[in-house]
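# Residue-level structural notes
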Amino acid sequence: MRAILVKFGLLSPPALMLSSAVIAVAQQLTEPTSIDLFQKIQFQSVPMTGTSSSIGTSYIKQGSGGTPLLLIHGFDSSVLEFRRLLPLLKLEMEVWAVDLLGFGFTERLPGLSYSPELIQTHLYQFWQTTIQRPMIIVGASMGGATAIDFTLAHPEAVAKLVLIDSAGFTKPPATGKLMFPPIDRLATAFLSNQGVRQRISQAAYYDQKWASPDAQLCAALHLQCENWSNAVITFTKSGGYGYYGDRLTNIQKTTLILWGENDKILGIKDANQFQQNLPDSQLIWIEKCGHVPHLEQPQITATEILNWV
C-alpha cells in the first residue's frame, strides 16, 4: 500500500516512517491543507540526554528567510494543528512545526515517564539537532505553557515568543492522583471516544463550520500511533503544566499574545493576566473566534504574527 501511495504522490517518502494504521486512516483526509501537510511530515532522530536512547521525532520544515519560527501544538494534538497557518507563514519566513515528546506522531518509547521536564529536554535536543539558532516560538494552548517553560529554561534559544490562547496561568486540576488502574485506562478510552472528541472540537470553535469531519480526523489521527494511551496516562500522572504566573516577569523576551474573543476552553481572563505579567508584551484579540485562532482565523493570525515579526 505504501509503495502505491508514493507512486501516485499521495505520500512523500519521509512519511514512510509512519505506521500502516496511521497511513490507512489518513487516506480519509479531505481538506487540501490537511493532505498537503500530512505529506510533508518528516522524522529526525533526536538523542535524549542522560540515556542511550534516541527518539524518532516528527516535524515539518517549510519556507526560508529571517529568524526561524517554531510552532508548538496543544495537548493531545500534532503538527496537523497548524495545517491552515503554516502555509501562510512559510511564504515569508522559515517555519518549523514539531510533535512534542509523547504527542503527535513522535515515537513513544515504552518505559518513559512523559512529563513537562522530559518534554523540555527533548525539545531542547531537537533544537540543537536541527534549528541551532535563536528562534521565535509560537505556542498554542498547552503549547503556550511548553513555550513558556522552554523560554525560562533556555532563553539563549529563544528570540521572541508568541502565545495563542495559552495555558500556564491557571492551575490544572489534580486529576493525576486519580490515574491508577483501571481508572487510567478508562480515562484514555473516554478521550479516544469519537463522540467525546467531536464535542471537544465543537467547543474549540466559534463558528461550527470549522468543526468538520476532516478537522476531527486531523485531531485524532495520532491516536493510531503505538503507545498513545500509555503516554497520555504517564503525562497526566506527572501533573502536566502548572502555574507560571509568578515566573513570567523573568521572561525578558518580546511577546505577542493572540486570543480568541469567544474562547470557551480557557475563557478570556487569562489573556489580560498574561499581558500584565509579561514585561514586554502586546495583546491582540481575534474577533469571532474561539480557542484556536490558528485554525479558525488563520489569515488574521498569520497577518498579526508576520506584522509583529
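Anyway, here's the lowdown on the structure attached to this text. Every value quoted in this text rests on a predicted model; they were computed, and no experiment measured them.

### Examining the overall build of the protein
- Helix and strand content of the protein: 13 helices and eight strands.
- Here the protein holds 309 residues, and 54% of them are scored as buried.
- The long-range fraction of contacts in the protein, counting pairs at least 24 apart against all pairs at least 6 apart in sequence, stands at 74%.
- By element, 54% of the accessible surface of the protein is carried by carbon and sulfur atoms, the whole surface being about 13200 Å².

### Some details on the nonpolar core
- Core analysis: the largest hydrophobic core is formed by 44 residues, its most contacted members being L70, F126, I137, I148, F150, L248 and F274.
- With six residues, helix α6 (residues 142-153) is the largest single contributor of residues to this core.
- Apart from residues lying up to four places away in sequence, I137 is in contact with L70, I72, A147, F150, T151, V158, K160, L161 and V162.
- Counting residues in hydrophobic clusters, the runner-up holds 41 residues, among them F43, F82, C225 and W308.

### Looking at the side chain of H222
- Inspection of the secondary structure puts H222 in the loop between α9 (213-220) and α10 (228-237).
- Residue class for H222 comes out buried when judged on its relative accessible area of 0%.
- At 2.8 Å, the side chain of H222 forms a polar contact with the side chain of D76.
- Discounting chain neighbours no more than four positions away, the residues touching H222 are D76, S77, S78, G104, F105, R108, R197 and W228.

### So, unusual backbone geometry
- Positive phi, normally seen in glycine, also occurs at Q132, with a value near 65 degrees.
- The topology assignment puts Q132 in the loop between α5 (116-129) and β5 (135-140).
- Not every positive phi belongs to a glycine, and S141 is a case in point at roughly 55 degrees.

### Brief notes about the sheet that holds strand β3 (residues 69-72)
- With mixed pairing, the eight strands of this open sheet are ordered in space as β1-β2-β4-β3-β5-β6-β7-β8. With partners counted over all chains shown, the strands left at the sheet margins are β1 (42-47) and β8 (281-286), one partner each. Across the sheet, the mean angle from the axis of one strand to that of its neighbour is 25 degrees, orientation sign disregarded.
- The sheet contact formed by β3 and strand β4 (residues 95-98) spans four bridges and is parallel. Following the sheet pairing, L69 is matched in β4 by V95.
- Its contacts with the sheet place helix α11 (residues 269-277) against β6 (158-164), β7 (255-260) and β8, and it is angled at close to 160 degrees to β8.

### Describing the pattern of salt bridges
- Under the criterion given, the structure shown has three salt bridges.
- The residue K40 makes a salt bridge to D36 at a minimum N-O spacing of 2.6 Å.
- Across the pair R133 and E94 runs a salt bridge, and its minimum N-O distance is 2.8 Å. In this pair, R133 sits in the loop between α5 and β5 while E94 sits in the loop between α4 (86-89) and β4, placing the two residues 39 residues apart along the sequence.

### Here's the deal with the packing of aromatic side chains
- In total, this model carries 13 aromatic pairs according to the counting rule given.
- Seen from their ring centres, F235 and Y241 are 6.1 Å apart, and the 50 degrees between their planes marks the pair as tilted.
- Judged by its relative accessible area of 5%, F235 falls in the buried class.
- On the basis of relative accessible area, Y241 is assigned to the buried category, the value being 8%.
- Grouped by ring-pair contacts, the aromatic residues F75, F103, F235 and Y241 constitute a single cluster.
- A cation over an aromatic ring shows up here: K160 above the ring of W308, its NZ or CZ 5.0 Å from the ring centre.

### A short note on the side chain of D165
- Inspection of the secondary structure assignment puts D165 in the loop between β6 and α7 (183-192).
- One buried charged side chain, D165, makes no salt bridge at all; its nearest oppositely charged neighbour is K264, positioned 13 Å away.
- From its side chain, D165 meets the backbone nitrogen of G260 in a polar contact 3.0 Å long.
- With sequence-adjacent residues up to four places away left out, D165 is seen in contact with S141, L258, W259, G260, D263, L266, G290, H291 and P293.

### What about the packing of α5 against α6?
- Here α5 crosses α6 at 70 degrees, and the two axes come no closer than 10 Å. By the angle class used here, α5 and α6 are roughly perpendicular. Classified by chirality, the crossing of α6 by α5 is right-handed. On α6, the residues touching P116, I119, Q120, L123 and Y124 of α5 are T146, D149, F150 and A153.

### Brief notes about the pairing of β3
- The alternating pattern of β3 places L69 and L71 and L70 and I72 on opposite faces, both of which are buried.
- Strand direction decides the pairing type here: β3 and β5, joined by four bridges, are parallel. Of the residues in β5, the one forming a bridge with L71 is V138.

Here is what the cut-offs are and how they apply
- Residues numbered from 1 in each chain as written.
- Predicted model: local features only at pLDDT ≥ 70, side-chain atom pairs only at ≥ 80, totals over all residues.
- Heavy atoms only, no water.
- Helix = DSSP H or I, 4+ residues; strand = E, 2+ residues; numbered from the N terminus.
- Buried < 20%, exposed > 50% of the residue type's maximum accessible area, 1.4 Å probe, protein only.
- Contact = heavy atoms within 4.5 Å.
- Areas by Shrake-Rupley, 256 points an atom, 1.4 Å probe, with all protein chains shown as cover.
- Core = buried A, V, L, I, M, F, W, Y, C linked by side-chain atoms within 4.5 Å.
- Polar contact = N/O pair within 3.5 Å; in protein donor to acceptor, adjacent residues only side chain to side chain.
- Pairing = 2+ DSSP bridges.
- Axes fitted to C-alpha atoms, helices over the stretch in contact; angles between N-to-C directions.
- Salt bridge = Lys/Arg side-chain N within 4 Å of Asp/Glu carboxyl O.
- Phe/Tyr/Trp six-rings, centres within 6.5 Å; stacked < 30°, edge-to-face > 60°.
- Lys NZ or Arg CZ within 6 Å of the ring centre and 35° of its normal.
- Lys, Arg positive; Asp, Glu negative; His and termini not counted.
- Parallel < 35°, antiparallel > 145°, perpendicular 65-115°, else oblique.
- Left-handed = near helix turned anticlockwise from the far one by under 90°.

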